[in-house]
Amino acid sequence: YWYHFQEYNKRINTSTGENDSVALNFLKLYKQEIPSELEVKAFDVSLILYAEHDFNASTFSARVTVSTLSDFYSGIVSAIGTLRGHLHGGANEAAMHFLEDIKSEDKGEEKLRQYFKEKKLVMGFGHRIYKNGDPRSIIIKEYSRKLSLTKSGNQNLYKVSERIEKIMINEKKIFPNLDFYSASAYNQLGIRTDFFTPIF
Ligand code: COA
């Protein structure tokens, strides 16, 4: 509602279908059209995968805040502020910013090698717990691939992502986490990049 109001000065109808899932409802309101079954499934799966996220930095922040006997709302605010950082929930947006201007796989490789030279972190890679690969990444990657084959998909974005993944694994032994392919999946769902972290 806020997106359409603030961006297009339009007040949208927010009533939902009786049997709409959270994913279908979100995409319907956001896109203002009926999304495809694949789009709904991809988004639904991404929400489930993001929910699978145990004792992470934002949860830790929330616990610290409420342990001072501060209130519940302050705990949530602390958590949101922590989640926003690029090393945590903000990584999906940062991964998209890395990928968005890359026109080909070779250009992607060039950019990645420049990052290596400058010893920069590649967002959407690495995980404190999943050192040998994030099992959630395999699932969201498949949805990103499926979306890339649709009319509104972006095969170049998917192929560039795959090349980056291959080099990171082969040369650095660092695997993509959930955020890396979530970036291309959300982008192909037509979601604006600055919405990625709030969705998480
Ligand atoms: N890109 C490049 N190098 C990376 C890297 C990345 N994304 N993630 C880790 N490394 C390197 C580190 O530079 C370090 O190298 P060094 O030993 O030469 O200094 C080594 O791998 C170990 O890194 P470390 O920071 O100890 O790993 P960690 O388990 O403590 O950190 C993260 C985990 C998630 C904070 C880290 O991988 C990261 O910053 N990733 C990018 C942000 C991201 O995608 N966050 C979402 C997480 S779900």
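The model shown is predicted, which means the values in this text are computed figures rather than measured ones. (Residues numbered from 1 in each chain as written. Predicted model: local features only at pLDDT ≥ 70, side-chain atom pairs only at ≥ 80, totals over all residues. Heavy atoms only, no water.)

S.K.: Please clarify how the pattern of salt bridges should be interpreted in this entry.
M.R.: Pairing of side chains with opposite charge becomes possible as their charged atoms draw close. Scanning all chains against the criterion turns up 16 salt bridges. One salt bridge in this structure joins Asp-20 and Lys-28, with 2.6 Å as the shortest N-O distance. Under the relative-accessibility criterion, Lys-28 is labelled partly exposed at 22%. (Salt bridge = Lys/Arg side-chain N within 4 Å of Asp/Glu carboxyl O. Buried < 20%, exposed > 50% of the residue type's maximum accessible area, 1.4 Å probe, protein only.)

S.K.: I keep staring at the nonpolar core and nothing clicks. Help me out?
M.R.: Inside soluble globular proteins, nonpolar side chains tend to come together where they are buried. Within the largest apolar cluster, 41 residues are counted, with the highest numbers of intra-cluster contacts made by Phe-43, Leu-112, Ile-164, Tyr-186 and Ile-191. Sorting the residues of this core by element identifies helix H2 (22–31), helix H3 (37–51), helix H6 (91–99), helix H7 (105–117), helix H8 (135–148), helix H9 (155–172), helix H10 (178–188) and helix H11 (196–199) as the ones contributing at least two each. Other than its neighbours up to four places away in sequence, Ile-164 contacts Phe-98, Leu-99, Gly-108, Leu-112, Phe-125 and Phe-180. (Core = buried A, V, L, I, M, F, W, Y, C linked by side-chain atoms within 4.5 Å. Helix = DSSP H or I, 4+ residues; strand = E, 2+ residues; numbered from the N terminus. Contact = heavy atoms within 4.5 Å.)

S.K.: Is there a simple way to explain the packing of aromatic side chains in this structure?
M.R.: Two aromatic rings, taken as a pair, are described by how far apart their centres are and by the angle between their planes. The tally for this structure, following the rule as stated, stands at 17 aromatic pairs. Each ring, one from Phe-43 and one from Tyr-186, has its centre 5.8 Å from the other, and the planes form 50°; the classification is tilted. Here Phe-43, found in helix H3, pairs with Tyr-186, found in helix H10; they are 143 residues apart in sequence, far enough to count as distant. Take Phe-43 and Tyr-186: they sit in the same class, and that class is buried. With centroids separated by 5.2 Å and ring planes inclined at 80°, the aromatic side chains of Phe-180 and Tyr-181 adopt a geometry described as edge-to-face. Exposure remark for Phe-180: the relative accessible area of 1% places this residue in the buried category. You can call Tyr-181 buried: its relative accessible area is 0%. Three or more aromatic residues link up through ring pairs in this structure, and these residues are Tyr-3, Tyr-8, Phe-26, Tyr-30, Phe-43, Tyr-186, Phe-195 and Phe-196. Note that Lys-120 overlies the ring of Tyr-115, its terminal NZ or CZ placed 4.5 Å from the centroid. (Phe/Tyr/Trp six-rings, centres within 6.5 Å; stacked < 30°, edge-to-face > 60°. Lys NZ or Arg CZ within 6 Å of the ring centre and 35° of its normal.)

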